[in-house]
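Structural features, examined
So the chains spell out like this:
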Amino acid sequence: MDKLFDIVFLDEAFEFLSKLEKKHYEKILFNIRKAQTRHDPELFKKLNDETWEFRTLYQGLQYRLLAFWDKTNSGNTLVISTHGIVKKTRKRNPKS
């Protein structure tokens, strides 16, 4: 299957991944490869006009790698992942 985009990881993203347990970063990379071949907001979601995130839920932890589209070359779509975070809490319903 053709890739929808290529991805480049900045040093900060590699540093984030290198600090994770092996199975965790392998799952994140697996989900990123899946996101490259299909449109799935559970894997790659737009946050605002410029910012996107790769999303992985693994063993109760929500991992996010922030990313931006490089629009300088119309022939090759490139996504640049800048850094990652572990999301520790879910959004709560204000009525609860």
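These numbers were taken from a predicted model, which means no experiment stands behind them. By convention here, each chain's residues receive numbers from 1 onward along its written sequence. A pLDDT threshold of at least 70 governs which residues receive local features in this predicted model, and a stricter bar of 80 or more applies before side-chain atom pairs are shown or counted, although totals over entire chains, interfaces and linings include all residues. For side-chain calculations, the full set of non-hydrogen atoms in the structure is used, while hydrogens and water are omitted.

**Observations concerning the sheet that holds strand E5 (residues 78–87)**
Hydrogen bonds along the backbone pair up the strands of a sheet, which may run parallel or antiparallel. Basically, it comes down to this: Only strands joined by at least two bridges in the DSSP assignment are considered to pair. Secondary structure elements are defined from DSSP: runs of H or I of at least 4 residues count as helices, runs of E of at least 2 residues count as strands, and each element is numbered from the N terminus. Working convention: axes come from line fits to C-alpha atoms, limited for helices to the stretch in contact. Angles between N-to-C directions cover 0 to 180 degrees. Throughout, a residue-residue contact means that at least one pair of heavy atoms, one from each residue, lies within 4.5 Å.
As summarised here, the arrangement of the five strands in space is E1-E5-E4-E3-E2, forming an open sheet in which the pairing is mixed. Each edge of the open sheet carries a strand with a single partner, namely strand E1 (6–9) and strand E2 (44–46). For this sheet, the mean angle separating the axes of adjacent strands, direction not counted, is 35 degrees. Pairing between E2 and strand E3 (residues 52–58): three bridges, direction antiparallel. Residue pairing for E3: Lys46 is matched across the bridge by Trp52. Along the sheet, helix H1 (residues 11–18) contacts E1, strand E4 (61–70) and E5; its crossing angle with E5, the most-contacted strand, is approximately 40 degrees. Contacting E1, E2, E3 and E4, helix H2 (residues 22–35) crosses the sheet at an angle of about 130 degrees to E3.

**With respect to the packing of aromatic side chains**
To keep things clear, this is the line we draw: Aromatic pairs are defined between Phe, Tyr and Trp rings, using the six-membered ring for Trp, whenever the two ring centres lie within 6.5 Å; interplanar angles under 30 degrees are classed as stacked, those over 60 as edge-to-face, and all others as tilted. The cut-offs for exposure are 20% and 50% of the maximum accessible area for each residue type, with area from a 1.4 Å probe on protein chains only; residues under the lower value are buried, those over the upper are exposed, and the others partly exposed.
Using the criterion set out here, one finds nine aromatic pairs in the structure. Seen from their ring centres, Phe16 and Tyr63 are 6.4 Å apart, and the 65 degrees between their planes marks the pair as edge-to-face. On the criterion of sequence distance, the pair formed by Phe16 in helix H1 and Tyr63 in strand E4 is long-range, its members being 47 residues apart. Across this residue pair, the class does not change: Phe16 and Tyr63 are buried. Ring centres of Trp52 and Trp69 lie 5.7 Å apart, and the angle between their planes is 85 degrees; this geometry places the pair in the edge-to-face category. Of this pair, Trp52 sits in strand E3 while Trp69 sits in strand E4; the two residues are 17 residues apart in sequence, bridging distant segments of the chain. A relative accessible area of 18% places Trp52 in the buried class.

**Focus on H1**
Put simply, the rule reads: In this description, one arc is meant: the one made by directions from the helix axis to the C-beta atoms.
Along H1, the positions that sit buried rather than exposed are Ala13, Phe16 and Leu17. Projected down its long axis, H1 carries its buried residues within an arc of 95 degrees, all on one side. For H1, the exposed residues set more than 90 degrees away from the buried face come down to Asp11 and Ser18. The inward-facing, buried residues of H1 contact E1, H2, E4 and E5.

**Re the confidence of the model for the chain**
Quick note on the threshold: pLDDT is defined as a per-residue confidence score from the predictor, taking values between 0 and 100.
The pLDDT averaged across the chain works out to 87; a share of 86% of its residues lies at or above 70. At the level of individual helices and strands, the chain shows its lowest average pLDDT in E5, which scores 86, and its highest in H2, which scores 95.

**Regarding the nonpolar core**
As a reminder, the rule being used: Nine residue types can take part in a nonpolar core, namely buried Ala, Val, Leu, Ile, Met, Phe, Trp, Tyr and Cys, and a core is a set of them joined through side-chain atoms within 4.5 Å.
Core analysis: the biggest nonpolar cluster contains 19 residues, and Phe9, Leu17, Ile28, Ile32, Phe44, Phe54 and Leu65 have the highest contact counts within it. Elements represented by at least two residues in this core include exactly E1, H1, H2, E3 and E4. When near neighbours in sequence (up to four residues on either side) are disregarded, Leu17 contacts Phe9, Tyr25, Ile28, Leu29 and Leu65.

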